[in-house]
Amino acid sequence: RLADRSAHQRVEGLLKLVYADPSTVSSERVAQAVVEVERRAALPYAVDAMAASTRGLVNSFMTTGSASPWARAARVTASTLLMYGREDKLVSSRVAPKAKAAFPNATVVVLANTGHVAQMEHPELVARFVRGHLDQSANRA
C-alpha cells in the first residue's frame, strides 16, 4: 500500500505517527525527509528490507520465555532510563509500569506533549534527563 502513496504522503503519515505535534517539523526538514524516502524507495532491496524489518519487530514481540524482550529486560543490571511520550502511538506510555517492574534498576519518565521521538521533539529536555541519569549513575559507581 505504501507504493501507492507519494514520498510526501509517506513522510506526512510518518510524522503524524511519531510526533505528538507534526506541525513543529520545519518545511525544510520535511523536504529533506521526502528526498530520503525517494532515495530509499529507489534501492533495489527496499521492499525486502522493509518486510524483513517488520517481520523482525513482530517476531521479537511475539517471542515468549527467556528470549522475550521482557525476560531480557530483567537481566539488565545497569541503571536504566526509560522515557515514554504520553502521546506515543507506537509504544504506549501505559506500559511504563510494566517496564519499570521488568528492569531491576530503572527510572521511568513520561513526557507530556510528546510522541515516539522525544529526542527530536524536546531535545533539550531529553538531554537534561539523560545527563542527570548519567550523573546519578556515576555517583553510585
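All values reported here derive from a predicted model rather than from experimental measurement. (Residues numbered from 1 in each chain as written. Predicted model: local features only at pLDDT ≥ 70, side-chain atom pairs only at ≥ 80, totals over all residues. Heavy atoms only, no water.)

Participant: Explanation requested: the overall build of the chain in the structure shown.
Facilitator: Within the chain, the regular secondary structure consists of 7 helices and 2 strands. Each helix and strand of the chain, ordered N terminal to C terminal, gives the series α-α-α-α-β-α-β-α-α. Dimensions of the chain, computed from C-alpha atoms along their principal axes, come out at roughly 50 × 35 × 25 Å. Every one of the 141 residues in the chain was classed for burial, and the buried ones make up 21%. In the chain, the share of contacts with a sequence separation of at least 24, taken over all contacts with a separation of at least 6, comes to 63%. Looking at the chain as shown, the accessible area adds up to about 9,800 Å², and 58% of this sits on carbon and sulfur atoms. Charge separation in the chain, taken as the distance between the mean sites of 18 positive and 12 negative side-chain charges, equals 10 Å. (Helix = DSSP H or I, 4+ residues; strand = E, 2+ residues; numbered from the N terminus. Buried < 20%, exposed > 50% of the residue type's maximum accessible area, 1.4 Å probe, protein only. Contact = heavy atoms within 4.5 Å. Areas by Shrake-Rupley, 256 points an atom, 1.4 Å probe, with all protein chains shown as cover. Lys, Arg positive; Asp, Glu negative; His and termini not counted. Charge placed at Lys NZ, Arg CZ, Asp CG, Glu CD.)

Participant: I'm lost on the environment of aspartate 4 in this one. Help?
Facilitator: One can find aspartate 4 in the segment before helix H1 (7–18). Overall, the relative accessible area of 71% leaves aspartate 4 in the exposed class. When the C-alpha atoms of aspartate 4 and aspartate 21 are compared, they prove to be 25 Å apart, with 17 residues separating the residues in sequence.

Participant: Explanation requested: the pairing of strand E1 (residues 80–85) in the structure shown.
Facilitator: Within a regular strand, the side chains alternate between the two sheet faces. For E1 and strand E2 (residues 106–111), the ladder comprises 6 bridges, and the chain directions are parallel. Bridge pairing links tyrosine 84 to valine 110 in E2. Each parallel crossover has a hand, and the one from E1 via helix H5 (residues 96–102) to E2 is right-handed. (Pairing = 2+ DSSP bridges. Right-handed = clockwise from strand over helix to strand, strands pointing away.)

Participant: Can you help me understand a nonpolar patch on the surface in this one?
Facilitator: Taken together, the side chains of Leu14, Leu17, Leu90 and Val91 define a hydrophobic patch exposed on the protein surface, amounting to about 310 Å² of accessible area. Locating leucine 17 in the fold gives a position in helix H1. (Patch = residues over 30% accessible without salt bridge, like charges linked within 9 Å, V, L, I, M, F, W, Y side chains within 5 Å. Salt bridge = Lys/Arg side-chain N within 4 Å of Asp/Glu carboxyl O.)

Participant: Please explain unusual backbone geometry as it appears in this structure.
Facilitator: With glycine set apart, most residues show a phi of negative sign, and most peptide bonds adopt trans. One non-glycine residue with positive phi stands out, namely asparagine 113, at about 50 degrees. Tracing the chain through its elements places asparagine 113 in the loop between E2 and helix H6 (118–121).

Participant: Which parts of the structure should I look at to understand the pattern of salt bridges?
Facilitator: Any two side chains of opposite charge can pair if their charged atoms end up close together. Counted by the stated rule, this structure contains 2 salt bridges. For arginine 39, the salt bridge is made with glutamate 36, and the minimal N-O distance between the two is 2.7 Å. Here arginine 39 and its partner glutamate 36 are both found in helix H2 (residues 27–41), 3 residues apart, which amounts to about one turn of the helix. A relative accessible area of 46% places arginine 39 in the partly exposed class. Overlapping salt bridges bring together Glu36, Arg39 and Arg40 as one network.

Participant: What exactly am I supposed to notice about the side chain of threonine 114 here?
Facilitator: Along the chain, threonine 114 turns up in the loop between E2 and H6. Assessed through its relative accessible area of 0%, threonine 114 is described here as buried.

Participant: It is not clear to me how the nonpolar core should be interpreted in this structure. Could you clarify?
Facilitator: Considering soluble globular proteins, one finds that nonpolar side chains tend to be buried as a cluster. Ranked by size, the top nonpolar core spans 9 residues in total: Ala7, Val11, Leu15, Val18, Tyr19, Val25, Val30, Val34 and Val117. Counting residues per element, the ones that place at least two in this core are H1 and H2. The element that contributes the greatest number of residues to this core is H1, accounting for 4 residues. When neighbours within four sequence positions are excluded, valine 18 is seen to be in contact with Leu90, Gly115, His116, Val117 and Glu121. (Core = buried A, V, L, I, M, F, W, Y, C linked by side-chain atoms within 4.5 Å.)

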